[in-house]
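Examination of the molecular architecture
In case you want the letters, here they are:
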Amino acid sequence: MTSAIPGFFQGTEMPTSGWWEALWPDPAGVLAATGIKPGMDVVDLCCGDGWFTLPIARVARRVIAVDIDADMLEAARRRLTECGATNCDFVSRDAYALAALVARPVDFVFMANAFHGVPDRPRLARAVLATLGPAGRFAIVNWHQYQREKTTVLGEPRGPKTELRLSPEQTIAAVEASGLKLTELIDVPPYHYGAVFEQATG
């Protein structure tokens, strides 16, 4: 994935092979911590090469994997096909267009390592809100606002530039501007947090 792709979110390219797996040795555990449960209909938004999509598919009823990078989406498709997953649709579209490509409301939208690069975060959150059912949730897994040189994986600094990183408070403020509300803030060691939102009521 490269930032030359129109609509690509800054600083969200997929990493080189190896360190992603070292950083996320238990993607299923991360998903469980954010609240994804068996039988849900789930969108993996900005799915990249499918590192989280596959464990979502193993518990969800249906998964829609969305990424603007057709090459990354094809890598995700290969990953799931090789593992025998058949309950996933793959859509190469701009994330802002989410509401137009989801035919019926979903239970959960999951987004990892991409929200920091979104130029108009409330707009994206509104697109997510439009796809959620009444009890639907939106989970964002983001890098903490640590200095990049402090977030090392396999001995090297990793992740987006320091200036791109968002504090939990910045993420919460951007999403709550859409009409969603924070329900849970979780720690995702070693360098991430998870913010989980649902529709505001009243």
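None of the values given here were measured: they were computed from a predicted structure.

Position of R165 among the secondary structure elements: in the loop between β7 (156-157) and α7 (168-176). No salt bridge forms around the buried R165; measuring N to O, its nearest opposite-charge neighbour E149 is 7.7 Å away. At 3.0 Å, the side chain of R165 forms a polar contact with the backbone oxygen of R158. A distance of 3.0 Å separates a polar atom in the side chain of R165 from the backbone oxygen of P160. Those residues in contact with R165 that lie beyond four places of it in its chain are W143, H144, Q145, Y146, R148, T151, R158, G159, P160 and Q170.

Strand order in the open sheet formed by 7 strands is β3-β2-β1-β4-β5-β9-β8, with mixed pairing between adjacent strands. Each edge of the open sheet carries a strand with a single partner, namely β3 (88-91) and β8 (180-188). Ignoring which end each strand starts from, the neighbouring axes of this sheet average 20 degrees apart. As paired elements, strand β1 (residues 41-45) and strand β4 (residues 106-112) share 4 bridges and run parallel to each other. Within β4, the position partnered with L45 by the bridge is M111. Contacting β4, β5 (132-143), β8 and β9 (192-199), helix α2 (residues 27-34) crosses the sheet at an angle of about 145 degrees to β8.

This part is about the nonpolar core. Proteins that are soluble and globular tend to have nonpolar side chains buried together. In this structure, L23, W24, F52, I56 and F110 are the most contacted members of the largest nonpolar core, which totals 34 residues. When sequence neighbours within four positions are dropped, the list of residues in contact with F110 reads L31, T34, I36, V43, D44, L45, F52, I56, A139 and V141.

A few words on the pairing of β8. Sheet topology places β8 next to β9; 8 bridges connect them, and they run antiparallel. Following the sheet pairing, I186 is matched in β9 by G194. Here β8 hands over to β9 after 3 residues, the two strands then running antiparallel side by side.

Below, the discussion takes up the pattern of salt bridges. By the definition in use, this model includes 6 salt bridges. Between R61 and D41 there is a salt bridge, with its nearest N and O atoms 3.0 Å apart. Here the residue R61 occupies a position in the loop between α3 (53-59) and β2 (62-66), and D41 occupies one in strand β1, the gap between them amounting to 20 residues. Measuring nitrogen to oxygen at the nearest pair gives 4.0 Å for the salt bridge that ties R62 to D41. You can see R62 sitting in strand β2 and its partner D41 sitting in strand β1, a full 21 residues away along the chain. Neither R62 nor D41 differs from the other in exposure class; each is buried. A single network of salt bridges, built from pairs that share partners, joins D41, R61 and R62.

Rules and cut-offs
- Residues numbered from 1 in each chain as written.
- Predicted model: local features only at pLDDT ≥ 70, side-chain atom pairs only at ≥ 80, totals over all residues.
- Heavy atoms only, no water.
- Helix = DSSP H or I, 4+ residues; strand = E, 2+ residues; numbered from the N terminus.
- Buried < 20%, exposed > 50% of the residue type's maximum accessible area, 1.4 Å probe, protein only.
- Lys, Arg positive; Asp, Glu negative; His and termini not counted.
- Salt bridge = Lys/Arg side-chain N within 4 Å of Asp/Glu carboxyl O.
- Polar contact = N/O pair within 3.5 Å; in protein donor to acceptor, adjacent residues only side chain to side chain.
- Contact = heavy atoms within 4.5 Å.
- Pairing = 2+ DSSP bridges.
- Axes fitted to C-alpha atoms, helices over the stretch in contact; angles between N-to-C directions.
- Core = buried A, V, L, I, M, F, W, Y, C linked by side-chain atoms within 4.5 Å.

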